[in-house]
Amino acid sequence: MQRRRESKKSWLAPTARLQAPRHSTQATDVNLVDTGNAILADGFSRIQTEVDDAFDAFLPVPDDTRARLVEAMRYAAIGSGKRVRPLLVAATADLFGVDRHAAVRAGCAVEAIHAYSLIHDDLPCMDDDDLRHGKPTLHKAFDEATAVLAGDSLHALAFEILSDHATSSDPFTRSELILTLAGASGMNGMAGGQMMDIAADSQEYDLHSITRLQQLKTGALLAASVEMGAVLGKVPLEGRAHLRAYARDIGLAFQIADDLLDHEGDETKAGKALRKDEGQGKQTFVTLMGPEGARDQARALVEQAVGHLSQHGKDAALLGALARFIVERDR
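This section reports on the structure supplied with the text. Counting from 1, residues in each chain are numbered in the order their sequence is written. Residues qualify for local features only when their pLDDT is at least 70, as the model is predicted, and side-chain atom pairs are given and counted only at 80 or more; totals for whole chains, interfaces and linings, by contrast, use all residues. As a rule here, side-chain values come from all non-hydrogen atoms in the structure, and water together with hydrogens is ignored.

To continue, consider the environment of Leu-319. The way it works is that DSSP assigns letters per residue, a run of H or I at least four long becomes a helix, a run of E at least two long becomes a strand, and they are numbered from the N terminus. Tracing the backbone through its elements, the reader meets Leu-319 in helix 15 (residues 317-328). Partly exposed describes any residue whose relative accessible area lies between the buried limit of under 20% and the exposed limit of over 50%, with all areas from a 1.4 Å probe on protein chains only and scaled to the type maximum. Residue classification places Leu-319 among the buried positions, given a relative accessible area of 1%. C-alpha separation for the pair Leu-319 and Ala-90, spaced 229 residues apart in sequence, amounts to 9.7 Å. In this analysis, two residues are considered to be in contact whenever any of their non-hydrogen atoms come within 4.5 Å of each other. Setting aside residues no more than four positions away along its own chain, Leu-319 makes contact with Leu-88, Ala-91, Thr-92, Leu-95, Tyr-246 and Leu-309.

In this analysis, axes come from line fits to C-alpha atoms, helices being fitted only over the stretch in contact, and the angle between any two N-to-C directions falls in the range 0 to 180 degrees. For the pair helix 4 (residues 100-122) and helix 9 (residues 207-232), interaxial distance at closest approach is 10 Å and the crossing angle is 160°. The pairing of helix 4 with helix 9 is recorded here as roughly antiparallel in orientation. The two elements helix 4 and helix 9 cross, and the hand of that crossing is right-handed. Residues Ala-102, Ala-103, Ala-106, Val-110, Ile-113 and His-114 of helix 4 lie in contact with helix 9, whose contacting residues are Leu-221, Ser-225, Met-228 and Leu-232. The scheme is simple: roughly parallel for angles under 35 degrees, roughly antiparallel for over 145, roughly perpendicular for 65 to 115, oblique for anything else. Each crossing gets its handedness from the near helix: less than a right angle anticlockwise from the far helix is left-handed, clockwise is right-handed.

Once that is clear, we can look at the side chain of Asp-52. Relative to the assigned elements, Asp-52 resides in helix 1 (residues 38-58). Within polar-contact distance, the side chain of Asp-52 engages the side chain of Arg-83 at 2.8 Å. The term polar contact refers here to a pair of N or O atoms within 3.5 Å; inside protein, the definition further demands a hydrogen-donor-capable atom paired with an acceptor-capable atom, and it admits residues adjacent in sequence only when both atoms are side-chain atoms.

Below, the discussion takes up the packing of helix 1 against helix 3 (residues 84-94). Running from N to C, helix 1 and helix 3 point in directions that differ by 105°, and their axes come no closer than 9 Å. On the basis of their axis angle, the class for helix 1 and helix 3 is roughly perpendicular. On helix 3, the residues touching Leu-40, Gly-43, Phe-44, Ile-47 and Val-51 of helix 1 are Val-84, Pro-86, Leu-87 and Ala-90. Gly counts as polar in this scheme, as do all residues outside two lists: the nonpolar Ala, Val, Leu, Ile, Met, Phe, Trp, Tyr, Cys and Pro, and the charged Asp, Glu, Lys and Arg. Looking at the contact of helix 1 with helix 3, its residues break down into eight nonpolar, one polar and no charged.

To estimate how far a helix should reach, multiply one less than its number of residues by 1.5 Å. If you check helix 10 (residues 241-264), its first and last C-alpha atoms are 35 Å apart, about what 24 residues at 1.5 Å a residue would give, namely 34 Å. In terms of burial, helix 10 is largely enclosed, as 18 of its 24 residues are buried.

Attention now goes to unusual backbone geometry. Within the chain, Arg-83 stands out as a residue other than glycine whose phi angle is a positive 70°. Residue placement: Arg-83 occurs in the loop between helix 2 (67-77) and helix 3. By relative accessible area, Arg-83 is classed as buried at 3%. Its identity as a non-glycine residue notwithstanding, Lys-234 has a phi of 55°, on the positive side. Examined against the element boundaries, Lys-234 turns out to sit in the loop between helix 9 and helix 10. For Lys-234, a relative accessible area of 52% puts it in the exposed group.

Quick look at the nonpolar core now. General note: in soluble globular proteins, nonpolar side chains tend to be found buried as a group. The term nonpolar core refers to a set of buried residues drawn from Ala, Val, Leu, Ile, Met, Phe, Trp, Tyr and Cys, joined through side-chain atoms within 4.5 Å. If you look at the biggest cluster of nonpolar residues, it comprises 92 residues, and the most contacted ones within it are Phe-55, Leu-88, Leu-154, Leu-181, Tyr-246 and Leu-322. Here the element with the most residues in this core is helix 4; it accounts for twelve residues. Discounting chain neighbours no more than four positions away, the residues touching Leu-88 are Leu-222, Ser-225, Val-226, Tyr-246, Ile-250, Leu-319 and Leu-322.

Should their charged atoms come close, side chains of opposite charge can pair. Any Lys or Arg side-chain nitrogen located within 4 Å of an Asp or Glu carboxyl oxygen qualifies as a salt bridge. All told, the structure shown has 18 salt bridges when counted by the stated rule. Measuring nitrogen to oxygen at the nearest pair gives 2.6 Å for the salt bridge that ties Glu-50 to Arg-100. With Glu-50 in helix 1 and Arg-100 in helix 4, this residue pair connects regions lying 50 residues apart in the sequence. Owing to a relative accessible area of 3%, Glu-50 belongs among the buried residues under this scheme. Linking Arg-68 and Asp-143 is a salt bridge whose minimum nitrogen-to-oxygen distance equals 3.0 Å.

Okay, here's the thing in structure tokens:
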């Protein structure tokens, strides 16, 4: 992708309304949703383009020695991934009539955190992976020091986006968005789950412990995505219980599906190395429940998740389709 050069205009300003796509770098990713569900295919296609356009605007390449850092950030953030988390934000926000531009910006904040976590997870000191989304991991494409800085900078970018007036004119909404994403990212969320995962090399985890690990490592950001959509919609805490239940169930189903992919998936389709958990002797949902038991549990969680959305009727069709995609995906 041709890199965008920095202009004098603030790169956090809403320079594009994100509704007239300038490019479609992820058009080939629509086959990820080969479930026969048009609403899901349309949802992914739209959010992938919107997120790419937004990051293109957020990350102009400067004409100085920071250029390599920003190019690395663009490498990680643009044209990669399914965009499940931004789609969760946008689909939830849409239930409450939230402006699409605000929802996409919030979705980009979650995706920036997700992208930074993948950069750091792939480093030699963590999972030591060479491939991500079918292309070299960032530290392989650039170098380890640049990868660390790119991850750090994407983490910072997430909170710059959320704290900007362009995301919401309401300071209380901005504050709650920041609090929600920060809580899901740190020791009581994703980073804490990653620490538990590192410790799994030398610990024997039971099903309860594995569930807790995955609720933090994977489920926290998924739950935050749904929560942030509700925050943008100014839904009071007592009105979010069903959405939190939906998010909890899809979070666990997502990780069970990931464990199944690692156990029996196709590395070519997955675009990353598989069978690593088995090779490291880690306990997973598959090792504890068996492949069929894990698959049945994931399907049950998805049906339960969809049931939590019943009060929204057809308005929640995209969230329901997204829940089912989680256990049907092959990457």
